[in-house]
Amino acid sequence: KKRIKEYLDRRAALFENPKDIRRGWRNILREAEELALDFDSGINIKTGANVPWRVHGEIKRHRTMPQHAEPIYHAAERASETAAEEGANIAAFNEVVSMPESITSDLERRNIWLGRFSKSMEAYQRLKQLGIPDSDAIAVIPRGLKLGVTQEWGLYNLTTGYMSLRLCHTAEPEMRATTE
């Protein structure tokens, strides 16, 4: 408590003078990050969502947050079942494939998108039937395939880590949506 109070007092004093802000903003941000890291385990929130494979890859690549993902092969099987289902509706597809607003807002575009996705899932299944290993056949799967993912949020990721970066207007729309 003492350390946090001292930080808050230093921060308040810094913001009283614009010249002090210019000189000290980096240090105060660095100190906030250190506090978040030191007290990270004080908060532990777990969330779950279906996220596109490409978004999962970004999070994994940057190692910004502990996460556990459904195996890609399991997600591909779920998506294959949906794609093969006669008359599958848009809600069913939304569970297994990512579609940007520019696609979902227009019926013709959406039909093209879902048709190509379904063909990719058919190709994946056919390659496996022909004896191609799953690890090779998976290459035909679009990166918009959604995986079930759980994420663990500590104080750091809720403040200066993952959340602040993923709410940026340049972040992937799905990444922003699951962060919000």
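Everything numeric in this text was worked out from a predicted model, so none of it was measured. (Residues numbered from 1 in each chain as written. Predicted model: local features only at pLDDT ≥ 70, side-chain atom pairs only at ≥ 80, totals over all residues. Heavy atoms only, no water.)

Explain the overall build of the protein chain residue by residue, including any values.
Counting its secondary structure elements, the protein chain contains 11 helices and 3 strands. The order of α-helices and β-strands along the protein chain, N terminus first, is α-α-β-α-β-α-α-α-α-α-β-α-α-α. For a compact globule of 180 residues, the expected C-alpha radius of gyration is about 16 Å, and the protein chain comes in at 22 Å, more than 25% above that figure. Its C-alpha atoms put the protein chain at 65 × 35 × 25 Å along the principal axes. Just so you have it, the protein chain exposes about 11400 Å², and 54% of that area is on carbon and sulfur atoms. Of note, the protein chain has its 27 positive side-chain charges centred 7 Å away from the centre of its 26 negative side-chain charges. (Helix = DSSP H or I, 4+ residues; strand = E, 2+ residues; numbered from the N terminus. Rg over C-alpha atoms; globule rule 2.2 N^0.38 Å. Areas by Shrake-Rupley, 256 points an atom, 1.4 Å probe, with all protein chains shown as cover. Lys, Arg positive; Asp, Glu negative; His and termini not counted. Charge placed at Lys NZ, Arg CZ, Asp CG, Glu CD.)

Tell me about the pattern of salt bridges, and name the residues and values.
Within the structure shown, the criterion is met by 8 salt bridges. Here D9 ties to K5 by a salt bridge, and the two come within 3.0 Å at their closest N and O atoms. Taken as a pair, D9 and K5 lie in helix α1 (residues 2-14) at a separation of 4 residues, close to a single helical turn. A salt bridge links K128 to E77, with the nearest nitrogen and oxygen atoms 2.4 Å apart. (Salt bridge = Lys/Arg side-chain N within 4 Å of Asp/Glu carboxyl O.)

I'd love a proper account of the sheet that holds strand β1 (residues 45-52), names of residues and values included.
Strand order in this open sheet of 3 strands is β1-β3-β2, and the pairing throughout is antiparallel. Both edges of this open sheet fall to β1 and β2 (67-69), since each of them pairs with a single strand only. For this sheet, the mean inter-axis angle between neighbouring strands, taken without regard to orientation, is 20 degrees. Of the pairings in the sheet, the one linking β2 to strand β3 (residues 146-153) comprises 3 bridges and is antiparallel in character. Across the sheet, H68 pairs through a bridge with T150, a residue of β3. Along the sheet, helix α4 (residues 72-84) makes contact with β1 and β3, crossing β3 at roughly 135 degrees. (Pairing = 2+ DSSP bridges. Axes fitted to C-alpha atoms, helices over the stretch in contact; angles between N-to-C directions. Contact = heavy atoms within 4.5 Å.)

Run through the packing of α4 against helix α7 (residues 107-129), naming residues and quoting values.
As a packed pair, α4 and α7 sit with axes 9 Å apart at the nearest point and diverge in direction by 120 degrees. Here α4 runs over α7; the crossing is left-handed. Contacts from Y73, A76, E77, A79, S80 and A83 of α4 reach α7 at F117, S118, M121, Y124, Q125 and K128. (Left-handed = near helix turned anticlockwise from the far one by under 90°.)

Hey, could you go over the layout of surface pockets for me, with residue numbers and the actual values?
Of the voids in this model, the largest pocket is the one considered here, and its volume is about 160 Å³. Every residue along the wall of the largest pocket is listed here: I4, Y7, L8, A32, L35, A36, F39, L155, T159 and T160. For the lining of the largest pocket, the secondary structure elements donating two or more residues are α1 and α2 (18-38). Its residues assigned to classes, the lining of the largest pocket shows 8 nonpolar, 2 polar and no charged. (1 Å grid on protein atoms, 1.4 Å probe; cavity = no way out; pocket = protein on both sides within 12 Å on 5 of 7 lines; lining within 4 Å. Points joined across faces, edges and corners; volume = space filled by probe spheres on them. Nonpolar A, V, L, I, M, F, W, Y, C, P; charged D, E, K, R; others polar.)

Report on α7, specifying residues and quantitative values.
Here α7 contains 23 residues, and its C-alpha end-to-end distance of 33 Å stays within 8% of the 33 Å for a straight helix at 1.5 Å per residue. Among the residues making up α7, those that are buried are L114, F117, S118, S120, M121 and Y124. Contact partners of the buried residues in α7: α4, α5 (90-94) and α8 (134-137). The opening residue of α7, the one whose side-chain oxygen lies 3.2 Å from the backbone nitrogen of E108, is D106. Two residues or fewer past α7, G131 is found with a positive phi of approximately 90 degrees. (Expected span 1.5 Å × (residues − 1). Buried < 20%, exposed > 50% of the residue type's maximum accessible area, 1.4 Å probe, protein only. Polar contact = N/O pair within 3.5 Å; in protein donor to acceptor, adjacent residues only side chain to side chain.)

Can you tell me about a nonpolar patch on the surface, naming the residues and giving the values?
Judged by side-chain polarity, I4, L8 and F39 come together as a nonpolar surface patch covering roughly 230 Å² of accessible area. Examined against the element boundaries, F39 turns out to sit in the loop between α2 and β1. (Patch = residues over 30% accessible without salt bridge, like charges linked within 9 Å, V, L, I, M, F, W, Y side chains within 5 Å.)

Remember, this is a structural readout, not a statement about activity or role.
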